[in-house]
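Reading the structure
One-letter residues, chain by chain:
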Amino acid sequence: MAQAAVKSVMFVWEGRDKQGKKVKGEMSGTSDALVKAMLRRQGINPMRVKKKPMPLFGGGGKKVTPKDIAVFSRQLATMMSSGVPLVQSFEIVGKGHENPNMQKLILDVKAYVEAGNNLADALAKHPLYFDDLYVALVRAGEAAGILETLLDKIATYKEKTEAIKAKIKKALFYPAAVLIMAFVVTAVLMIFVIPQFAALFSDFGADLPAMTLFVITLSNYFVKYWYIIFGGIGGGIWGFLELKKRNRKLRWAIERLSLKIPVIGDILIKATIARFARTLATMFAAGVPLVEAMDSVAGAAGNIVYGQAILRMRDEIATGTQLQASMRDTHLFPNMVVQMVAIGEESGSIDHMLGKVADFYEEEVDNAVDAMSSLMEPMIMAVLGVLIGGLVIAMYLPIFKMGEVV
């Protein structure tokens, strides 16, 4: 029967160093006995060790983000390439971090490594922060004795992938934010402003324009059923997102459709190809076998359509098919990408060629996002002008008609 994993906790300790000077600090470990043993190995005589009390209200710092992991990877790579031992590197990076949660994560990994385990196993204990790809690359670096080199490649990989994710979010955030604000402004007008005009028009005793009647009717529905409208929209969005998480066929259909959306689809395709090339280049440079690497590449693709295609490529490669031939069979990769991979296979420099592909498409995503932002701004302003302007005109039409009669 497998033994359950013992959870590390943070301990506060006090003791005396070799000169008899009183010292204190914090250390992560599975028990106070283990912490005392680690302190003695450091030349410290522990006098008091106790669990660090948890903060009230569940505080304890910000959430650990992928950007934190990218920065940690770069810091660790820099420390090790400078000749600082692994455990000491963890100590320096961990205690220097501003986020207590990230600090705890780093010191947990350090404690596991200090207990005699390898770094890959220590990272694998935290799958929420270090995925299979990250662990596989570290394991390959440890096996080949080039951990500092692989950590540098991992750091570059994480920085590049986080940069491209930020560009995609930038592309989608602006129109989404404007649409939300447009809905909020429209709702405020419908619920609070238009009813005032409707009360004013009720005393006119004349027929109102069709456009004004339509807006007043719509406003009455907003006033009467606003909680159903807001609840329905919020519940619909939440339900859709939950269904997408649980229904693989729906997710496949949505992600396939997203690739065909004008402008946005082109950005998503370029971003996916960039991630594919960057991930495979990093895995190949680490010495991970191609067939084995394709599993991690499929998971890192970020799109289920490309992910399934990469898994089919893996199966073809396992039967002896060349990488460039399997890529061509998917009909998802541009001819330029396939040709560069073919050149890489012929020259024995696939990782170098894939790195060039990744650089090219990352720059393409950057340019496409800037172009889309320039295109979207006038379009969004036009939509807002028609929407808000239409409501204003509908409310002032009766007043204009009255002025004509007078």
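In the block above lies the structure referred to throughout.
Described below are features of the structure shown in this document.

What counts and how
- Residues numbered from 1 in each chain as written.
- Predicted model: local features only at pLDDT ≥ 70, side-chain atom pairs only at ≥ 80, totals over all residues.
- Heavy atoms only, no water.
- Helix = DSSP H or I, 4+ residues; strand = E, 2+ residues; numbered from the N terminus.
- Rg over C-alpha atoms; globule rule 2.2 N^0.38 Å.
- Buried < 20%, exposed > 50% of the residue type's maximum accessible area, 1.4 Å probe, protein only.
- Contact = heavy atoms within 4.5 Å.
- Lys, Arg positive; Asp, Glu negative; His and termini not counted.
- Charge placed at Lys NZ, Arg CZ, Asp CG, Glu CD.
- Polar contact = N/O pair within 3.5 Å; in protein donor to acceptor, adjacent residues only side chain to side chain.
- Salt bridge = Lys/Arg side-chain N within 4 Å of Asp/Glu carboxyl O.
- Axes fitted to C-alpha atoms, helices over the stretch in contact; angles between N-to-C directions.
- Parallel < 35°, antiparallel > 145°, perpendicular 65-115°, else oblique.
- Left-handed = near helix turned anticlockwise from the far one by under 90°.
- Core = buried A, V, L, I, M, F, W, Y, C linked by side-chain atoms within 4.5 Å.
- Phe/Tyr/Trp six-rings, centres within 6.5 Å; stacked < 30°, edge-to-face > 60°.

A separate point is the overall build of the protein. Along the protein, the regular secondary structure elements total 15 helices and 3 strands. For the protein, whose C-alpha radius of gyration is 30 Å, the value lies well above the compact-globule estimate of 22 Å for 406 residues. Dimensions of the protein, computed from C-alpha atoms along their principal axes, come out at roughly 100 × 60 × 45 Å. Across the 406 residues of the protein, 39% fall into the buried class. Considering only residue pairs separated by 6 or more positions, the protein has 60% of its internal contacts joining residues 24 or more positions apart. Of the side-chain charges in the protein, 46 are positive and 38 negative, and the distance between the mean point of each set is 8 Å.

What follows is about the environment of N303. Relative to the helices and strands, N303 resides in the loop between α11 (290–300) and α12 (304–318). For N303, a relative accessible area of 7% gives the class buried. Along the chain, N303 and S258 lie 45 residues apart, while their C-alpha atoms are 9.7 Å from each other. The contacts of N303, once residues within four sequence positions are left out, are E255, S258, L259 and T272. Within the local environment of N303, its side chain forms a polar contact with the backbone nitrogen of V305, the two atoms lying 2.9 Å apart.

A word on the side chain of T330. Assignment of secondary structure puts T330 in helix α13 (residues 323–330). When near neighbours in sequence (up to four residues on either side) are disregarded, T330 contacts A309 and M313.

Bringing the pattern of salt bridges into the picture now. Considering all chains together, one arrives at 14 salt bridges under this definition. Here E14 and R48 are joined by a salt bridge, their closest N and O atoms 3.0 Å apart. Of this pair, E14 sits in strand β1 (residues 9–16) while R48 sits in strand β3 (residues 45–51), and the two are 34 residues apart along the sequence. Owing to a relative accessible area of 39%, R48 belongs among the partly exposed residues under this scheme. Salt-bridge contacts for E362 lead to R278; the nearest nitrogen and oxygen are separated by 3.0 Å. Separated by 84 residues along the polypeptide, E362 in helix α15 (residues 350–405) and R278 in helix α10 (residues 264–285) bring together distant segments of the chain. The same class applies to E362 as to R278, namely buried. Where salt bridges share partners, they join R74, D152 and E159 into one cluster.

Helix-helix packing: each pair is described by the crossing angle between the helix axes and the interaxial distance. In the contact formed by helix α6 (residues 132–144) and helix α7 (residues 147–201), the axes pass within 8 Å of each other and the chain directions differ by 155°. In terms of their interaxial angle, α6 and α7 are classed as roughly antiparallel. Classified by chirality, the crossing of α7 by α6 is right-handed. Across the interface between the two elements, L133, Y134, L137, V138, G141 and E142 of α6 pack against L147, L150, I154, Y157 and K158 of α7.

A separate point is unusual backbone geometry. A positive phi is found at V263, a non-glycine position, where the angle reads about 70°. Within the secondary structure, V263 sits in the loop between α9 (248–258) and α10. Assessed through its relative accessible area of 38%, V263 is described here as partly exposed. For H331, which is not glycine, the phi torsion reads 60° and is therefore positive. If you trace the backbone, H331 turns up in the loop between α13 and α14 (335–347).

Considering soluble globular proteins, one finds that nonpolar side chains tend to be buried as a cluster. The biggest cluster of nonpolar side chains holds 79 residues, and the ones touching the most others in it are F72, L119, F276, L280, L323, M327 and F333. Ranked by the residues each element gives to this core, the list is headed by α15, at 12 residues. By size, the runner-up hydrophobic cluster in this structure holds 14 residues, among which are M190, A198, V215 and I216.

Turning our attention to the packing of aromatic side chains. The tally for this structure, following the rule as stated, stands at 10 aromatic pairs. Seen in terms of ring centroids, F183 and F230 are 5.5 Å apart; in terms of plane orientation they differ by 65°. Their pairing is edge-to-face. Within this pair, whereas F183 is found in helix α7, its partner F230 is found in helix α8 (residues 210–246), the two being separated by 47 residues in sequence. For F183, a relative accessible area of 29% puts it in the partly exposed group.

Geometric descriptors of this kind do not, in isolation, establish any biological role.
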